[in-house]
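# Architecture at a glance
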Amino acid sequence: MRLDEFVEGFERDEAAERRRLAEEKSYEITNYLDDVERQFQETVQGDSLFGSTAPEIFVGRSGYPDVSTGVLSPMAEDADAEAYATSGDWYHQGLGVGDVLQRRTGLLNSTRSAKVDVNDVWDGFVGTQREVAIADHPVDVEVGLDDAPEIDLTLDDIGTPTGPRANAREADLAENPHVPRSVEKTLEDDDWRAEGAMTYLYRRGFDVYEVNTILSAGALGQNRERKLVPTRWSITAVDDTVGQYLRGGLLNRNTIDQTEVWYNEYMGNRYWVILSPGQWEFELVEMKAPESVWNPEGSDYYLASASEGYEGRTGYVDETAGAYYASRLGVLEHLRERDRQAKCLVLREVTDEYWAPVGVWQVREGVRNAFDDEARTDAPTIPEGQPAVAETFRDAVNGVVGQLPVPMNTLRRKSDMVAGIQAQLSDF
């Protein structure tokens, strides 16, 4: 499909969208928090909490190397614990911002303070937490609590939200967890560096969600260096490490043979992914709407960007943070499936429909599923699994820019790739 035909489907009734947003953006999550304390009282038996725990843990970063480390347990007795763990399945289930916040406020974060240097610790609270992290299904735990929970919701641009928190005296397994053989192998090899163990598990079919939980529990790396890794850091570390592994496998491949434009929308985020023939090159440009969660006081769109060339990058990305590594991973996974390399520009528009941060996972899934026609939640109808096609990278950008909230000259000032396109008078 030609690009001009593709963009014809993007006519929008902005007034209708704002009316709908006003109805949806009712902050029901605030009212929902009133029910959390009642739910907690119904679930706690004396000073203990017994039930299934999601296959996910939480490690804070404040006070590092002395951190808060927790086991996340759904408080509803009939809860499907697996459904509470962050997963790409949430995208396919069509969860919205409110759905994610409600699901996460149903998890009690039972926490203890711990030193990050855990080496081979498998007893006590940290030991139980590590067992939960490496198990391949939710396991029953009994948690002894010191006090009532703080009914609050902790939001983060990288990690998934966490709900009520209570100090824990202890946590004990109520069953023996099953640990996949691949994970056992990484634990048994005391000389295996964390980067190699991460890519090994990914190659063995573990998604990045599972890998970052195992890494966060301090269960990967050379034994003397195994440490608890704050959840926020582990998410980015896994996306970056797996991304570098995939990039390395593509550098000697042929390039794609035409310029392609892919599109997806999810949770108030719009993604344009432009792939063009050439050696690997990547850039993410984010456009954040005024009054959105990341630009609440702004009167104009706030732009952020980061990029890399054929050799990749070594320094951490500050402006776009975890979104950079998550979106890059989605693109690299697609190129690996095609066994091709390309230069890529991802344009992310964050609208005011994204009214609360739910974590960088939604960026990863938004880009991943831009390449899957059947998985897209709100994209125009195009031939199955096929992108729009443009003659050149310049034509692709020119075709897309009319759908963006900023003009070409603004985009050019922020984007290295777009800056390389020769300007025309009509751009200004």
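Below: a short report on this structure.

Calculation rules
- Residues numbered from 1 in each chain as written.
- Predicted model: local features only at pLDDT ≥ 70, side-chain atom pairs only at ≥ 80, totals over all residues.
- Heavy atoms only, no water.
- Helix = DSSP H or I, 4+ residues; strand = E, 2+ residues; numbered from the N terminus.
- Buried < 20%, exposed > 50% of the residue type's maximum accessible area, 1.4 Å probe, protein only.
- Contact = heavy atoms within 4.5 Å.
- Axes fitted to C-alpha atoms, helices over the stretch in contact; angles between N-to-C directions.
- Parallel < 35°, antiparallel > 145°, perpendicular 65-115°, else oblique.
- Nonpolar A, V, L, I, M, F, W, Y, C, P; charged D, E, K, R; others polar.
- Polar contact = N/O pair within 3.5 Å; in protein donor to acceptor, adjacent residues only side chain to side chain.
- Pairing = 2+ DSSP bridges.
- 1 Å grid on protein atoms, 1.4 Å probe; cavity = no way out; pocket = protein on both sides within 12 Å on 5 of 7 lines; lining within 4 Å.
- Points joined across faces, edges and corners; volume = space filled by probe spheres on them.
- Core = buried A, V, L, I, M, F, W, Y, C linked by side-chain atoms within 4.5 Å.
- Salt bridge = Lys/Arg side-chain N within 4 Å of Asp/Glu carboxyl O.

### Details of the overall build of the chain
- Looking only at helices and strands, one finds 15 helices and 12 strands in the chain.
- Within the chain, buried positions represent 55% of all 428 residues.
- Of the contacts made within the chain by residues no fewer than 6 positions apart, 74% connect residues no fewer than 24 positions apart.

### Some details on the packing of helix α8 (residues 194–203) against helix α10 (residues 231–250)
- Contact pair α8 / α10: the axes reach a minimum separation of 10 Å and the direction vectors enclose 75°. With respect to α10, the axis of α8 lies roughly perpendicular. Facing α8, whose interface residues are E195, M198, T199, Y202 and R203, α10 presents A237, V238, T241, V242, Y245 and L246.
- Tallied by class, residues from the contact of α8 with α10 come to 7 nonpolar, 2 polar and 2 charged.

### With respect to the side chain of S305
- Structurally, S305 can be placed in strand β10 (residues 302–308).
- Exposure remark for S305: the relative accessible area of 16% places this residue in the buried category.
- At a separation of 3.0 Å, a polar atom in the side chain of S305 contacts the main-chain carbonyl oxygen of K414.
- Apart from residues lying up to four places away in sequence, S305 is in contact with E283, L284, V285, E319, T320 and K414.

### Focus: unusual backbone geometry
- Here the residue pair Y64 and P65 is connected by a cis peptide bond, since its omega of 15° sits within 30 degrees of zero.
- Of note, P65 is situated in the loop between β2 (57–59) and β3 (66–74).
- Notably, M267 is not glycine yet its phi reads approximately 50°, a positive angle.
- One can find M267 in the loop between β7 (259–266) and β8 (269–276).
- Residue class for M267 comes out buried when judged on its relative accessible area of 9%.
- A positive phi is found at D339, a non-glycine position, where the angle reads about 55°.
- Mapped onto the elements of the fold, D339 is located in the loop between α11 (321–338) and β11 (343–350).
- For D339, a relative accessible area of 35% gives the class partly exposed.

### Some points on the sheet that holds β7
- A sheet is described by the order of its strands in space; here 6 strands give the open sequence β10-β9-β11-β8-β7-β12, paired in mixed fashion. Each edge of the open sheet is held by one strand with a lone partner, namely β10 and β12 (388–390). Taken over all neighbouring pairs, the strand axes of this sheet differ in orientation by 15° on average, direction set aside.
- Looking at chain direction, β7 and β8 are connected through 7 bridges and run antiparallel. The residue bridging Y266 from the neighbouring strand is N269, located in β8.
- In the packing of α11 onto the sheet, the strands contacted are β7, β8, β9 (281–288), β10 and β11, and the crossing angle to β9 comes to about 135°.

### Comments concerning the layout of surface pockets
- When its volume is computed, the second largest pocket comes out at roughly 880 Å³.
- The wall of the second largest pocket is formed by 50 residues, among which E56, T86, Y209, N212 and T213 lie closest to the centre.
- When residues in the lining of the second largest pocket are grouped by element, the largest group, 6 residues, is from helix α9 (residues 208–216).
- In the lining of the second largest pocket, the residues fall into 20 nonpolar, 18 polar and 12 charged.

### Some thoughts on the nonpolar core
- The biggest cluster of nonpolar side chains holds 68 residues, and the ones touching the most others in it are V273, L275 and V331.
- For this core, the element with the most residues is α11, which contributes 9 residues.
- Residue contacts for V331: discarding those within four places in its chain leaves V273, L275, W280, F282, C344, V346, V367 and F371.

### Considering the pattern of salt bridges
- A full pass over the atoms with the stated rule returns 19 salt bridges.
- One salt bridge in this structure joins K414 and E319, with 3.1 Å as the shortest N-O distance. Here K414, found in helix α14 (residues 408–414), pairs with E319, found in the loop between β10 and α11; they are 95 residues apart in sequence, far enough to count as distant.
- For the salt bridge of E365 with R368, the shortest nitrogen-to-oxygen distance reads 2.9 Å. Taken as a pair, E365 and R368 lie in helix α12 (residues 361–368) at a separation of 3 residues, close to a single helical turn.

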